[in-house]
There are 2 protein chains.
Amino acid sequence: MDHDKSELSERKKQILKAIVHAHIEGGEPVGSKYVLENQHLTCSSATIRNEMAELENMGYLEQPHASAGRVPTERGYRFYVDSLVEHYVMTANEIAQINRLLHAKMSELDQILVEASNLAANLTNYTAIAIKPRASSVSINKFETIYLEPDHYILVAVSSTGSVKSKHLQTKQPITPETLANLSDVLNMVLTNLSADQITLPHMMKLEALLGNDAHLASDLIKAVYDLLNELDEGEVKVSGLDRLLQYPEYSDVAQLQALLGTLENKEEFLDLFSKSEGDDVSVLIGSESEVKVMNNSALVFKPITKDGKTIGAIGILGPRRMDYAKVLATLEGLTGNIADLIGSNNQLTGGKGNGGEQKDDG
Amino acid sequence: MDHDKSELSERKKQILKAIVHAHIEGGEPVGSKYVLENQHLTCSSATIRNEMAELENMGYLEQPHASAGRVPTERGYRFYVDSLVEHYVMTANEIAQINRLLHAKMSELDQILVEASNLAANLTNYTAIAIKPRASSVSINKFETIYLEPDHYILVAVSSTGSVKSKHLQTKQPITPETLANLSDVLNMVLTNLSADQITLPHMMKLEALLGNDAHLASDLIKAVYDLLNELDEGEVKVSGLDRLLQYPEYSDVAQLQALLGTLENKEEFLDLFSKSEGDDVSVLIGSESEVKVMNNSALVFKPITKDGKTIGAIGILGPRRMDYAKVLATLEGLTGNIADLIGSNNQLTGGKGNGGEQKDDG
DNA sequence: TTTTAGCACTCTTTAGCCTCGAGTGCTAAC
DNA sequence: GTTAGCACTCGAGGCTAAAGAGTGCTAAAA
């Protein structure tokens, strides 16, 4: 068997493409007769059958059972995505929806990601995922405190990625607003630009020293800062349009669907997946190509959103293996390109103005 | 037909209870023979059949088809929940798990709610929901600004419920930290303790007046405050253990499951449901008792968490109508009781303050 | 050498039919 | 009011037959 891609004749490619398209649409095995009718080929169904048999030998197609039509294999889809898929041209309406999102001018990435993934689910009719990747070593750029009551204040931290997180803190003894102001100054001096595992005993001692009379606050503070850093490190996976999965018959197997839902909820496996991707190119994982075993008859397409060379998020599409890759790829490109623009030019997130999103084309 | 609950004889109650228990466990129709064997009654199966026929006439039971056993109706479950259910005694292990949650000493309500709902899903083996209700008229108690760069700062707002939210803002012209400090003073003077619809033109004019040279910042600020208030108003619904639904055969109907998932994702209907409940008692909605039409063969049990008379959150359990109400009720009581303790005594949320930091964007 | 027509073959799907068994309702006796 | 007995109903499951879709193979044609 020669599996060289270049060995596929034009006709074979055409037939494979036709089968992939038919299978994407209907989900059923595709027979030679169907290919003949829907693809204007100048040959008979017998010839197509021969070609199909060869494509099966080469591993691009398979038969669910002896007298059924052919279904593209994982490998067939891989070849389709790599070499055969054509650029999907978005409708005016689709473009308009993306533009509408763009004009909403949201300033916070979390929100943008969720909205974008909602839209992605709507446009593609698959389930979409918004990912905020794990940040391995976030630090805090700036601390601020907010005085509420004599024994109750809020600690606010701005991370190196621009996230803002806060924690309510309570003190055993009353403190004054002035003490509090001093406290944030000290924090800014001692604990900025340190990741969780860089905070050591000397920092803590320095903190206590600088706090002077208020040294008793130190241990609670360190704990709070530590918690904040850990929260900032955590990745997030938010799923939109889960119900859309169910319209595809491949998910009518309850046990498998249950496993998939469980995995989605766990989010760890997905975060691992994303953390393994590099650069800001679209990734297409078909079936067993992803290490999430529960996704054997699913496909996951995702595109990272980068800023200044760092991955700050990603949008993914999850669906059956027979996914409309052309449309999914185009949608992700369109959306993430626009998000990058949004972040780069027209909003409040900058500081080191960004790189207006890179355009990638599929294929 | 006399439907008076008091008219149910002891034996009828016993039979109904037996059928409910059997159906909760197995999900299948229950026959007279089964009742006879598992309930030590001093009568024959024929008598039980007679009683069951009467219970059916009264509307507590129904037959899926003529030669099947009986299944409790919605009304049957309602009667069971109101009058028949016995207190479930938690195992030491279950209590230990709840206590472990308690000892985690989280300070932010959001986090507590999510963790508690995770635990609820684990303990009951149903799907759990953490709800942060819509707050109809939140106001901002305190503003704070954080200077990042000459044209980039963060606006932080502490709401009347204790939530902290922030927004990145960018200015066209550079501003100094002193300007920024003044800005937060002005905001605290003009825009605190106002809900979104109480902010009127005079406020805006006063803001501009007080800002003096920096009046050009006013419109962006008002917009940001408005956005913050709206975000604070929004309710949230977070689902845990969705995969658990699928183990119950009532959810093997794909179309219905799809509708349910869609509704869960929408969250509006659920928030409406919660907003209609009053006080801090457990609510049990069986089948069509909830107005969510998609839940006709489901049940929803939820318990609000109140603090100083205000509902600050809720935990709910969603499952099939034949839910183990005894266990679910006990679990919710145990959990929410402990959460109230957590908030009341031992943490940083006091002073009528609720919710903790939401982080926004990276970027 | 490649293509094509024809045909036998395979395998799934569906419908119909039957039996089995669970569970009931009714009647008549206790 | 309770019980034993029995006929009846209805779904589940298994078996068979027919239909249909699609293939692989062979032999002839291009």
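Our subject is the structure that appears above.
These notes cover the structure that comes with them. Predicted model, so just to flag it, every value in this text is computed and none were measured. (Residues numbered from 1 in each chain as written. Chains lettered and ligands numbered in written order. Predicted model: local features only at pLDDT ≥ 70, side-chain atom pairs only at ≥ 80, totals over all residues. Heavy atoms only, no water.)

### Structural notes on the overall build of chain A
Consideration 1: Across its full length, chain A holds 12 helices and 10 strands.
Consideration 2: Expected size for 363 residues packed as a compact globule is a radius of gyration near 21 Å; at 26 Å, chain A overshoots this value by more than 25%.
Consideration 3: Principal-axis analysis of the C-alpha atoms places the extent of chain A at approximately 90 × 40 × 35 Å.
Consideration 4: Counting all 363 residues of chain A, 55% fall into the buried class.
Consideration 5: Sequence-distant contacts, at least 24 apart, represent 63% of the contacts inside chain A between residues at least 6 apart. (Helix = DSSP H or I, 4+ residues; strand = E, 2+ residues; numbered from the N terminus. Rg over C-alpha atoms; globule rule 2.2 N^0.38 Å. Buried < 20%, exposed > 50% of the residue type's maximum accessible area, 1.4 Å probe, protein only. Contact = heavy atoms within 4.5 Å.)

### A look at the protein's contact with DNA strand C
Consideration 1: Surveying the vicinity of DNA strand C reveals 21 residues, the closest of which are S44, T47 and S67 of chain A together with S32 and R70 of chain B.
Consideration 2: Counting only atoms of DNA strand C within 4 Å of the protein, the fraction found in sugar and phosphate groups is 74%.
Consideration 3: At 2.8 Å from a phosphate oxygen of DNA strand C is found a main-chain nitrogen or oxygen belonging to S44 of chain A.
Consideration 4: Contacts to DNA strand C include T47 of chain A, whose side-chain N or O atom sits 2.4 Å from a phosphate oxygen.
Consideration 5: Secondary structure elements with two or more residues in the surface near DNA strand C: α3 (45–57) of chain A together with α3 (45–58) of chain B.
Consideration 6: Top contributing element to the surface near DNA strand C by residue count: α3 of chain A, with 4 residues. (Near = heavy atom within 4 Å. Polar contact = N/O pair within 3.5 Å; in protein donor to acceptor, adjacent residues only side chain to side chain.)

### Let's talk about the sheet that holds strand β6 (residues 164–170) of chain B
Residues and elements named next belong to chain B.
Consideration 1: What the 3 strands build is an open sheet, ordered β4-β5-β6; its pairing is antiparallel. Strand pairing shows two members of the sheet lacking a second neighbour, β4 (140–149) and β6, which therefore form its edges. On average, each strand axis in the sheet is inclined to that of its neighbour by 20°, with strand direction left out of account.
Consideration 2: Where strand β5 (residues 152–159) and β6 come together, 7 bridges link them in antiparallel fashion. Within β6, the residue paired with Y153 across the bridge is L169.
Consideration 3: Against the sheet, helix α9 (residues 218–233) contacts β4, β5 and β6, and its axis sits at roughly 150° relative to β6. (Pairing = 2+ DSSP bridges. Axes fitted to C-alpha atoms, helices over the stretch in contact; angles between N-to-C directions.)

### Description of the protein's contact with DNA strand D
Consideration 1: Around DNA strand D there are 20 residues in total, and S32 and R70 of chain A together with S44, T47 and S67 of chain B lie nearest to it.
Consideration 2: Within 4 Å of the protein, the contacting atoms of DNA strand D are drawn from sugar and phosphate to the extent of 75%.
Consideration 3: S67 of chain A is positioned such that a nitrogen or oxygen atom in its backbone is 3.3 Å from a sugar or linking oxygen of DNA strand D.
Consideration 4: At 3.3 Å from a base oxygen of DNA strand D is found a side-chain nitrogen or oxygen belonging to R49 of chain B.
Consideration 5: Listing elements by their share of the surface near DNA strand D, those giving two or more residues are α3 of chain A together with α3 of chain B.
Consideration 6: Considering every element that reaches the surface near DNA strand D, the biggest residue donor is α3 of chain B, with 4 residues.
Consideration 7: Looking at side-chain class alone, the surface near DNA strand D contains 5 nonpolar, 11 polar and 4 charged residues. (Nonpolar A, V, L, I, M, F, W, Y, C, P; charged D, E, K, R; others polar.)

### Observations regarding the sheet that holds strand β5 (residues 152–159) of chain A
Residue and element names in this part refer to chain A.
Consideration 1: Ordered by their spatial adjacency, 3 strands build an open sheet running β4-β5-β6, and the pairing between neighbours is antiparallel. Each end of this open sheet is capped by a strand with a single partner; those strands are β4 (140–149) and β6 (164–170). Each strand axis lies, on average, 20° off the axis of its neighbour in the sheet, ignoring direction.
Consideration 2: Packing of helix α9 (residues 218–233) onto the sheet brings it into contact with β4, β5 and β6, and relative to β6 it is tilted by some 150°.

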